[in-house]
Amino acid sequence: MAKPVVFVTRRLPGGALDLLDQHTDLRLWEEEAPPPDRELLRQAARCHGLLTLLTDRVDDKLLEGADHLVVVSNMATGIDNIDVAAASERHVLVTRTPGVLSETVADFTFALMLAAARRVAEGDRYVRAGRWKTWGPSTLLGCDVFGATLGIVGLGGVGMEVARRARGFGMRILYHSRTRKPAPERRYRMTFLPLDDLLRQSDFVTLHAALTPQTRQLIGKRELGLMKDTAVLVNTGRGPLVDQMALYQALKAGRIAGAALDVTDPEPIGPDDPLLSLDNVVMAPHIASASMATRARMAMLAAENLLAALAGRIPRDSVNRDIARAWRAARRRRLASPS
Ligand code: GLV
């Protein structure tokens with residue numbers, strides 16, 4: 001039987017592409033920028049498996065023309081780039097890569113939190129600009145992270161690892177999530193609070209909720225207004241969790257003290273965006289999971305999920321396993337038809 005046709009939307013680190021090359025008829029988008037929509041549509045119409053990144057939009061229009069498609073394997077924890085309901089309707093399995101990046105993203109969340117609190121990026125700019133003339137008792141004073149109150153919004157894998165690190169920093173930990181989680185609550189001595197109370201009490205608020213219609217602009221003008229004027233907002237989740245204009249206004253007016261953002265809305269943020277004019281904002285280009293080891297693990301897991309699904313197994317990381325029965329029948333049909 002011919003090998004299944006697979007399209008991968010970018011060159012990946014580690015051994016994932018070699019593995020796919022052994023088992024599939026591999027087509028690879030070689031450019032640095034993501035494939036344009038029409039190219040993704042064209043490839044999707046011919047392939048059995050798609051390995052996508054968070055920059056690739058998999059919507060109903062794409063799925064409509066994807067007659068042979070069995071699986072979309074997303075190399076990310078978040079799946080907000082994929083219309084999962086439309087995929088389910090068309091009996092296409094969707095998988096993601098949770099778990100393998102939690103520690104790395106939690107490390108980076110602390111990197112950003114510390115950078116904002118201790119003005120690391122500002123200090124770097126200050127030195128490079130030749131403004132460091134002497135040691136000054138009041139130069140670039142920041143605030144302490146140790147012993148401060150941390151509010152974690154969204155307690156999935158990353159939120160949990162952030163909590164574990166926060167224990168080491170002697171922080172008081174508050175959290176808010178869809179459901180209360182008694183075991184980690186005890187383990188990390190956390191307090192569950194409604195979102196408004198968490199915002200009122202935290203010195204640092206860090207966002208780890210999945211982006212869904214319910215969490216879009218979770219943090220807007222009203223929520224920013226509840227935060228302490230000394231508080232810092234950290235976002236390594238998804239940009240649209242925050243109303244970015246409201247954030248700019250709150251930062252500019254000093255209603256909160258700072259923000260540290262790995263994600264923005266849109267991405268990439270435009271070089272003229274007003275947020276970039278503020279000294280109390282630390283920015284990174286969506287790199288929280290970008291350690292060499294973790295990106296290689298994410299790519300490998302995405303490849304393994306893809307191959308498992310093509311072989312008829314439903315990977316643990318599938319997000320729509322409820323379609324199993326219809327999917328199995330569709331898979332057999334689609335793999336049998338030439339692409
Ligand atoms: C990265 O942002 C991810 O969702 O994995």
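On a predicted model such as this, the values are computed, not experimentally measured, just so you know.

*Asks:* An account of the site of the ligand is requested, with residue identities and associated values reported.
*Replies:* Contacts to the ligand come from L54, A76, T77, G78, L101, R238, H286 and M298. T77 places a polar main-chain atom, nitrogen or oxygen, 2.7 Å from an oxygen atom of the ligand. Contacts to the ligand include G78, whose backbone N or O atom sits 2.9 Å from an oxygen atom. Computed on the free molecule, the ligand has an accessible area of 190 Å², of which 88% lies beneath the protein chains in the complex. Residues belonging to the shell around the ligand are distributed by class as follows: 4 nonpolar, 3 polar and 1 charged.

*Asks:* Before we move on, can you summarise the sheet that holds strand β1 (residues 5–8) with the specific residues and values?
*Replies:* Pairing in this open sheet of 5 strands is parallel, and the strands run β2-β1-β3-β4-β5 from one edge to the other. Taken across any chain shown, the strands that pair with only one partner, and hence form the sheet edges, are β2 (25–28) and β5 (93–95). Across this sheet, the average inter-strand angle for adjacent strands is 15°, counted without regard to direction. Two elements, β1 and β2, share 4 bridges in a ladder whose sense is parallel. Across the sheet, V8 pairs through a bridge with L28, a residue of β2.

*Asks:* How would you summarise the pattern of salt bridges if you had to cite specific residues and measurements?
*Replies:* Summed over the entire model, instances satisfying the criterion amount to 21 salt bridges. R42 serves as the salt-bridge partner of E39, at 3.2 Å between the closest nitrogen and oxygen. One end of the pair, E39, and the other, R42, are both in helix α2 (residues 37–44), 3 residues apart, so they sit about a helical turn from each other. Each of E103, D107, E161, R164 and R165 takes part in a single network of salt bridges with overlapping partners.

*Asks:* Summarise unusual backbone geometry; cite the residues concerned and give the values.
*Replies:* At the junction of D265 and P266, the peptide bond is cis and its omega measures out at 5° in the coordinates. Tracing the chain through its elements places P266 in the loop between β11 (258–261) and β12 (281–283). Cis geometry is found at the peptide bond from E267 to P268, where omega equals -5°. Mapped onto the elements, P268 comes out in the loop between β11 and β12. Although it is not a glycine, H91 sits at a positive phi angle of roughly 60°.

*Asks:* Which residues make up the packing of helix α5 (residues 102–117) against helix α7 (residues 157–168), and what values do they have?
*Replies:* Packing of α5 against α7 brings their axes to within 8 Å, and their N-to-C directions diverge by 55°. Classified by the interaxial angle, the pair formed by α5 and α7 is oblique. The handedness of the crossing between α5 and α7 comes out as right-handed. Between α5 and α7, the contacting residues are S102, E103, V105, A106, D107, T109 and F110 on the first element and G157, V158, E161, V162, R164, R165 and A166 on the second. For the contact of α5 with α7, a count of residues per class yields 6 nonpolar, 3 polar and 5 charged.

*Asks:* Please give an account of the nonpolar core that cites residues and values.
*Replies:* It is characteristic of soluble globular proteins that their nonpolar side chains tend to be buried jointly. The biggest cluster of nonpolar side chains holds 56 residues, and the ones touching the most others in it are L12, M75, M113, L150, I152, M171 and F204. Split by domain, the residues of this core number at least three in each of domain 1 (5–99 + 292–336) and domain 2 (102–283). For M75, the contacting residues outside a window of four places in its chain are L12, L51, T52, L53, T97, R295, M298, A299 and A302.

*Asks:* Report on the pairing of strand β10 (residues 232–235), specifying residues and quantitative values.
*Replies:* Residues of β10 alternate between two faces, with V232 and V234 on one and L233 and N235 on the opposite face, all of them buried. Sheet topology note: the strand β9 (residues 204–207)/β10 ladder contains 4 bridges and is parallel. Residue pairing for β10: T206 is matched across the bridge by V234. For the segment spanning β9, helix α10 (residues 221–226) and β10, crossover handedness is right-handed. Two elements, β10 and β11, share 4 bridges in a ladder whose sense is parallel. The residue bridging N235 from the neighbouring strand is L261, located in β11.

*Asks:* Account for the sheet that holds strand β6 (residues 149–153), naming residues and giving values.
*Replies:* One open sheet holds the 7 strands; their spatial order is β8-β7-β6-β9-β10-β11-β12, and the pairing between them is parallel. Single-partner strands in this sheet number two, and they are β8 (190–192) and β12. Strand-to-strand, the axes of this sheet are offset by a mean angle of 15°, without reference to chain direction. On top of the sheet, α7 reaches β6, β7 (172–176), β8 and β9; it is set at about 170° to β6, its chief contact. Running over the sheet, helix α11 (residues 244–252) touches β10, β11 and β12 and is turned about 140° from β11.

The rules behind each value
Residues numbered from 1 in each chain as written. Predicted model: local features only at pLDDT ≥ 70, side-chain atom pairs only at ≥ 80, totals over all residues. Heavy atoms only, no water. Near = heavy atom within 4 Å. Polar contact = N/O pair within 3.5 Å; in protein donor to acceptor, adjacent residues only side chain to side chain. Areas by Shrake-Rupley, 256 points an atom, 1.4 Å probe, with all protein chains shown as cover. Nonpolar A, V, L, I, M, F, W, Y, C, P; charged D, E, K, R; others polar. Pairing = 2+ DSSP bridges. Helix = DSSP H or I, 4+ residues; strand = E, 2+ residues; numbered from the N terminus. Axes fitted to C-alpha atoms, helices over the stretch in contact; angles between N-to-C directions. Salt bridge = Lys/Arg side-chain N within 4 Å of Asp/Glu carboxyl O. Parallel < 35°, antiparallel > 145°, perpendicular 65-115°, else oblique. Left-handed = near helix turned anticlockwise from the far one by under 90°. Contact = heavy atoms within 4.5 Å. Core = buried A, V, L, I, M, F, W, Y, C linked by side-chain atoms within 4.5 Å. Buried < 20%, exposed > 50% of the residue type's maximum accessible area, 1.4 Å probe, protein only. Domains from an automatic or database assignment. Right-handed = clockwise from strand over helix to strand, strands pointing away.

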